[in-house]
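Next come the chains, spelled out residue by residue.
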Amino acid sequence: MSKNVVILNGSPRKKGNTSALVKAFAEGAENAGHTVTEFFLDDMDIHGCKGCFGGHSSRECPCVQRDDMDKIYPAVKAGDVIVFATPLYYWNMSGQIRTAVDRLFALEEGDGNLLRGNNRSCALLMAAEGHGFEDVLTYFDHLMEHLRWKNLGHVLAGGNGDIGDIDGKPEIKQAYDLGNSI
């Protein structure tokens, strides 16, 4: 059965190591017959969450702010699999993806929780110069528990400082295989 896969790419580099993982994952998912939509967050105008609790999940644009999250909300609502892709910055996800994830909260507010559950699954793709992924994995696991999403796993590619360092490494195949396994 074909699934809608939504990738939130939090890398600032379209041809960087995280984006290489995204490309491999997307190819695997598409080869398995799924539809893939990628949002390259660095090219989007997404403002930080204001913590106003003014969202209404059932609205087409659930947040009170009008920005490019209005393009992401419908895709996430229709998504079966959500993929977080990010470089590791100071033992955390990039600001680009953290901002978008925070703003997804509007889908939990108001007149119906359209984010939690709904048989969604999620995967995490990360590239980094170093190897300190533990804090992000703890956050990711807690977020999956809160959202009641199935954790499909992760591909963590350390030792990739320069663009292209990831080329030919086993994590590329792991990302492809993870996408293909959906």
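Refer to the structure printed above.
Description of the structure in this document. (Residues numbered from 1 in each chain as written. Predicted model: local features only at pLDDT ≥ 70, side-chain atom pairs only at ≥ 80, totals over all residues. Heavy atoms only, no water.)

Here's the deal with the side chain of glutamate 108
For the record, the criterion: Labels follow the DSSP assignment, with helices taken as runs of H or I lasting at least four residues and strands as runs of E lasting at least two, numbered in each case from the N terminus. As used in this structure description, the phrase polar contact means that two N or O atoms lie within 3.5 Å; if the pair is within protein, one of them must be able to donate a hydrogen and the other to accept it, and residues adjacent in sequence are counted only when both atoms belong to side chains. Throughout, a residue-residue contact means that at least one pair of heavy atoms, one from each residue, lies within 4.5 Å.
With respect to the element layout, glutamate 108 can be found in the loop between α3 (95-103) and β4 (121-127). A distance of 2.8 Å separates a polar atom in the side chain of glutamate 108 from a polar atom in the side chain of arginine 116. Discounting residues that sit within four places of it in the chain, glutamate 108 has contacts with Ser57, Asn113, Leu115, Arg116, His146 and Leu147.

Remarks on the packing of aromatic side chains
Inclusion rule: Any pair of Phe, Tyr and Trp rings, taking the six-membered ring for Trp, is counted once the centres come within 6.5 Å. Such a pair is stacked with planes under 30 degrees apart, edge-to-face with planes over 60 apart, and tilted for the rest. Exposed residues in this analysis have more than 50% of their type's maximum accessible area, buried residues have under 20%, and partly exposed residues fall in between, with area computed by a 1.4 Å probe over protein chains only.
Inspection of every chain in the model, using the stated rule, returns three aromatic pairs. A centroid spacing of 6.2 Å and a plane angle of 80° characterise the contact between phenylalanine 84 and phenylalanine 140, whose relative ring orientation is edge-to-face. Here phenylalanine 84 is found in strand β3 (residues 81-87), whereas its partner phenylalanine 140 is found in helix α4 (residues 134-147), with 56 residues between them in sequence. Of the two residues, phenylalanine 84 and phenylalanine 140, neither departs from the other in class, the shared state being buried.

Some details on the nonpolar core
In a soluble, globular protein the nonpolar side chains are often hidden away together inside. Our working definition: We call a set of buried residues a nonpolar core when its members are Ala, Val, Leu, Ile, Met, Phe, Trp, Tyr or Cys and they connect through side-chain atoms within 4.5 Å of each other.
Counting residues in each nonpolar core, the largest one holds 35 residues, and the members touching the most others are Leu8, Leu41, Ile72, Phe84 and Leu104. When residues of this core are traced back to their parent elements, those giving at least two are β1 (4-9), α2 (69-78), β3, α3, β4 and α4. Ranked by residues supplied to this core, first place goes to α4 with six residues. Apart from residues lying up to four places away in sequence, isoleucine 72 is in contact with Leu8, Phe39, Leu41, Met44, Ile46 and Leu104.

Things to note about the pairing of strand β2 (residues 35-40)
Taken residue by residue, a regular strand's side chains alternate between the two faces of the sheet. How we decide: Whether two strands pair comes down to DSSP finding at least two bridges between them. Place the viewer so that the strands point away; then a crossover is right-handed whenever the path from the first strand over the helix to the second strand goes clockwise.
Where β1 and β2 come together, six bridges link them in parallel fashion. When the sheet's bridge partners are listed, asparagine 4 is paired in β2 with threonine 35. With respect to chirality, the unit in which β1 leads through helix α1 (residues 17-31) into the neighbouring parallel β2 is right-handed.

Quick notes on the pairing of β3
Along β3, seven of the seven residues are buried, which leaves the element largely enclosed by surrounding structure. Burial along β3 is two-sided: the residues Val81, Val83, Ala85 and Pro87 and Ile82, Phe84 and Thr86 are all buried. Here β1 pairs with β3 via five bridges, running parallel. When the bridges of β3 are listed, valine 6 appears paired with isoleucine 82. Alignment of β3 against β4, held across seven bridges, turns out to be parallel. Residue pairing for β4: proline 87 is matched across the bridge by alanine 127. With α3 bridging β3 and the parallel β4, this β-α-β connection has right-handed handedness.

Comments concerning the sheet that holds strand β5 (residues 150-157)
Let me state the cut-off plainly: Where helices are involved, their axes are fitted lines through C-alpha atoms of the stretch in contact, as for all axes, and angles between N-to-C directions lie from 0 to 180°.
The strand order β2-β1-β3-β4-β5 describes an open sheet built from five strands, whose pairing is parallel. The open sheet terminates on both sides in strands that have one partner only, identified here as β2 and β5. When strand polarity is set aside, the average angle formed by the axes of neighbouring strands in this sheet is 15°. Each of β3, β4 and β5 is contacted by α4, which is oriented at about 165° to β4, the strand it contacts most. Strands in contact with helix α5 (residues 170-180) are β4 and β5; relative to β5, the strand with the most contacts, it is inclined by about 165°.

A word on the packing of α1 against α5
In plain terms, the rule: By convention, the crossing between two helices is left-handed when the near helix turns anticlockwise from the far helix through less than a right angle, and right-handed when the turn is clockwise. Residues are sorted three ways: Asp, Glu, Lys and Arg are charged, Ala, Val, Leu, Ile, Met, Phe, Trp, Tyr, Cys and Pro are nonpolar, and all the rest, Gly among them, are polar.
With their axes 6 Å apart at the nearest point, α1 and α5 run at an angle of 35° to one another. Here the hand of the crossing between α1 and α5 comes out right-handed. In this structure, α1 contributes Ala20, Leu21, Ala24, Phe25, Glu27, Gly28, Ala29 and Asn31 to the contact, and α5 contributes Glu171, Ile172, Ala175, Tyr176, Leu178, Gly179 and Asn180. Of the residues belonging to the contact of α1 with α5, the class tally is nine nonpolar, four polar and two charged.

Observations concerning the pattern of salt bridges
As a reminder of what qualifies: Salt bridges are counted wherever a side-chain nitrogen of Lys or Arg sits within 4 Å of a carboxyl oxygen of Asp or Glu.
What the rule picks out here adds up to seven salt bridges. The partner of aspartate 43 in a salt bridge is lysine 14, with the nearest N and O atoms 2.6 Å apart. Here aspartate 43, found in the loop between β2 and α2, pairs with lysine 14, found in the loop between β1 and α1; they are 29 residues apart in sequence, far enough to count as distant. The exposure class of aspartate 43 is partly exposed, given its relative accessible area of 49%. Between aspartate 177 and lysine 173 there is a salt bridge, with the nearest N and O atoms lying 2.8 Å from each other. Of this pair, aspartate 177 and lysine 173 are both found in helix α5, four residues apart, which corresponds to roughly one turn of the helix. Classification of aspartate 177 as partly exposed rests on a relative accessible area of 33%. Note on lysine 173: relative accessible area 54%, which makes it exposed.

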